[in-house]
Amino acid sequence: MALICLNCGESTLTSNLKITEEYKDTIDLADINAGCLNTEEPDKLDRLSAVKGLILSFSGGSVSETEIVKALSDDVELSRKLFGYCSYISVDVDLPPEYSDLLISLAEGFGIAVIKTFYADGPYSKDFSDRITALSENGRFAVRAVVSPKNTKEQLQLFEAAAGLSCLDYVFEALGDYGVPVNLLSGKFGGLYMKAFSEDSCSAHWQLTPEQLKDIYRFRNISQTTSVYGIIGNPVMHSKSPFLHNGGYEHSGIDAVYVPFQTDNPGLFLEKGPELCGVRGLSVTVPHKQAVIPVLNVIDDSVERIGACNTVVYDQDSHGWAGYNTDWHGFLYPLNGTELKGKTALVLGAGGASRSVVYALFRKGMDITIVNRSVDKARSLASEFGTGYDEIKNAGKYTDSFLVVQTTSVGMSPDVGSSPVAEYNFDSNGIAYDIIYIPEKTKFLQMAEAAGVHIMNGSSMLASQGLEQFRLFTGESLPPSVFGLQD
Ligand code: ATR
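Predicted model only: the values in this text are computed from it and were never measured.

So, how was this worked out
- Residues numbered from 1 in each chain as written.
- Predicted model: local features only at pLDDT ≥ 70, side-chain atom pairs only at ≥ 80, totals over all residues.
- Heavy atoms only, no water.
- Salt bridge = Lys/Arg side-chain N within 4 Å of Asp/Glu carboxyl O.
- Helix = DSSP H or I, 4+ residues; strand = E, 2+ residues; numbered from the N terminus.
- Buried < 20%, exposed > 50% of the residue type's maximum accessible area, 1.4 Å probe, protein only.
- Pairing = 2+ DSSP bridges.
- Contact = heavy atoms within 4.5 Å.
- Axes fitted to C-alpha atoms, helices over the stretch in contact; angles between N-to-C directions.
- Near = heavy atom within 4 Å.
- Polar contact = N/O pair within 3.5 Å; in protein donor to acceptor, adjacent residues only side chain to side chain.
- Areas by Shrake-Rupley, 256 points an atom, 1.4 Å probe, with all protein chains shown as cover.
- Core = buried A, V, L, I, M, F, W, Y, C linked by side-chain atoms within 4.5 Å.
- Parallel < 35°, antiparallel > 145°, perpendicular 65-115°, else oblique.
- Left-handed = near helix turned anticlockwise from the far one by under 90°.
- Nonpolar A, V, L, I, M, F, W, Y, C, P; charged D, E, K, R; others polar.
- Right-handed = clockwise from strand over helix to strand, strands pointing away.

J.: Report on the pattern of salt bridges, specifying residues and quantitative values.
T.: Tallied over the entire structure, the rule returns 19 salt bridges. Linking R80 and E77 is a salt bridge whose minimum nitrogen-to-oxygen distance equals 3.3 Å. With R80 and E77 both in helix α4 (residues 76-84) and three residues apart, this pair spans about one turn of that helix. We classify R80 as partly exposed; its relative accessible area is 44%.

Right, dumping it as structure tokens:
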């Protein structure tokens, strides 16, 4: 099990103590920089006794830190007191040896474990692992490498390095979006802890709070046996899918975690990910939904016909990936229970999103017409599915369609005043469906509602396509309510 360590980067001891107090129930460790200690006010130091699992970090450089080291060397009582509060001290390898040697001998004299910290840019090849092994001095020190993976290749190199270091006490503190899965999977690879950030100090998506680690990722449950799933995309840190899938594992008691993999090279990730980080299934999002297809061993009918893949599942026997598209399941979810077969459907738009919609309606046996601003795209999509097509300005000709689906980007926030059709004669017994969900009610849906038509938006699509992904990953069908949908 890896621990949750709060990053206390405030400049004063008082403010660092305040955040450790605030998070004391969700953290195991707190990393406080020694530079914030004010040796002139010894009373304050006593308050460190309240910090759970204190790591006192000496990163070098600041005047106040140098003064503390001097004070510690002159005053045995002060050393005894300060080190008495620590679980670890962390010593930067670039600290002048006269300081670091002194600190290490003092800390070891009081039985405090020492972490040696260094900063490393990629690539993270054998030299990087060798450096960690050498710094550990046969287990005398724990080693903390602060790393900044810049791409998929470096992210995978860190997993490879981690697998080779699991017998040592080490921490990878990986910065940036590419670093998030490296940090989150510490518990699988034997890392000591992951840094978390107070809500106020989070300035980027890759910085996660102790609550996110505990509540979304169930970080402390991640171990060597935990199965790894996730999402590949670029960018990916805004995705809500980790929240859904991890909640599903918790509900079903499955030992698995779902993490966001920022990815600039999906082919490389699919090739190496199963071996290097044990990944078994992935959601695929923009811009990789087409790029993954050539790498797959098997694709199902939906991927072939929609031309995009949003789910891949690893087969350990064949060492290959199978691709699926669950977006069309997501689209159909709110229409469950509605008889569609043989009825008329008008689809506005012929872009990527429209393809999943047309596929879904085609499978339901509807009589479809696709209308689009550029008629060529409508014609081409129509020819693939044997549907009718027209220019969007002629949408009015297809009046009284039972189902009208709006798939263009027109009307999406902030363009809230626009609709791709100025007016349309809705079938009052029919349904108007806009796949946009921000705003909740687009101009198009407002028009439909005013005409007395049943309306629906795309708000359930993410969760419902995720339900099908969950089934493909784990073989389990979850009750929809676990993903926030109506059962
Ligand atoms: P997505 O993957 O979201 O579907 P897309 O593939 O770029 O994105 O498709 C965007 C769709 O919105 C297309 O049908 C596009 O029409 P064109 O093919 O004629 O470009 C449609 N669209 C975008 N802006 C539009 C506008 N101002 N009026 C009408 N249709 C528009």
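From this point, the narrative continues.
J.: Please provide a residue-by-residue account of the sheet that holds strand β14 (residues 320-324), values included.
T.: The six strands lie next to each other as β10-β9-β11-β13-β14-β12, forming an open sheet whose pairing is mixed. On the outer flanks of this sheet lie β10 (256-262) and β12 (298-299), each paired with one strand and no other. As defined by bridge partners, strand β9 (residues 227-233) adjoins strand β11 (residues 279-284) across five bridges and the pair is classed as parallel. Among the inter-strand pairings, I232 is bridged to a residue of β11, identified as V284. Relative to β10, helix α11 (residues 241-252) is tilted by about 165 degrees, and along the sheet it contacts β9, β10 and β11. On top of the sheet, helix α18 (residues 461-474) reaches β9, β10, β11, β13 (311-315) and β14; it is set at about 5 degrees to β13, its chief contact.

J.: Before we move on, can you summarise the site of the ligand with the specific residues and values?
T.: Around the ligand sit G349, A350, G351, G352, A353, N372, R373, S374, K377, T408, S409 and V410, and those are all the residues in its vicinity. A350 places a polar main-chain atom, nitrogen or oxygen, 3.0 Å from an oxygen atom of the ligand. One of the backbone nitrogen or oxygen atoms of A353 is found 2.9 Å away from an oxygen atom of the ligand. In isolation the ligand exposes 640 Å². Once the protein is present, 63% of that is buried.

J.: Requested: an account of the nonpolar core, with residues and values cited.
T.: L48, F58, I89, F128, F172 and F261 are the most contacted members of the largest nonpolar core, which has 94 residues in total. Broken down by element, this core gets its largest block of residues, six residues, from helix α7 (residues 152-165). In this structure, L48 is in contact with L13, L17, I32, L37, L54, L82 and Y85, ignoring residues within four places of it in sequence. Formed by 30 residues, the second largest nonpolar core is a distinct cluster that contains L332, A350, A382 and L403.

J.: Outline the packing of α7 against helix α12 (residues 266-277), supporting the account with residue identities and numerical values.
T.: Contact geometry for α7 and α12: axes closest at 9 Å, N-to-C directions at 15 degrees. Comparing the axis directions of α7 and α12 gives the class roughly parallel. Regarding α7 and α12, the two cross each other, and that crossing is left-handed. Residues T152, K153, Q155, L156, F159 and E160 of α7 form the contact with α12, whose participating residues are L268, F269, K272, G273, L276 and C277. When grouped by side-chain class, the residues that make up the contact of α7 with α12 number six nonpolar, three polar and three charged.

J.: Describe the pairing of strand β17 (residues 388-391), naming the residues involved and giving the relevant values.
T.: As paired strands, strand β16 (residues 367-372) and β17 are joined by four bridges and run parallel to one another. Looking across to β17, one finds that V371 is bridged to D390. The β-α-β motif built from β16, the intervening helix α16 (residues 375-385) and the parallel element β17 has right-handed crossover chirality.

J.: So what's going on with the sheet that holds β16? Which residues, and what values?
T.: Taking strand neighbours across the sheet as the criterion, the six strands line up as β17-β16-β15-β18-β19-β20 in an open arrangement whose pairing is parallel. In the strand order of this sheet, the two ends are held by β17 and β20 (454-457), each with one partner. Averaged over all neighbouring strand pairs, the angle between strand axes comes to 20 degrees, with direction disregarded. Across five bridges, strand β15 (residues 344-348) lies against β16 in parallel orientation. Within β16, the position partnered with L348 by the bridge is V371. Contacts from α16 reach β16 and β17 within the one sheet, and its direction differs from that of β17 by about 175 degrees.

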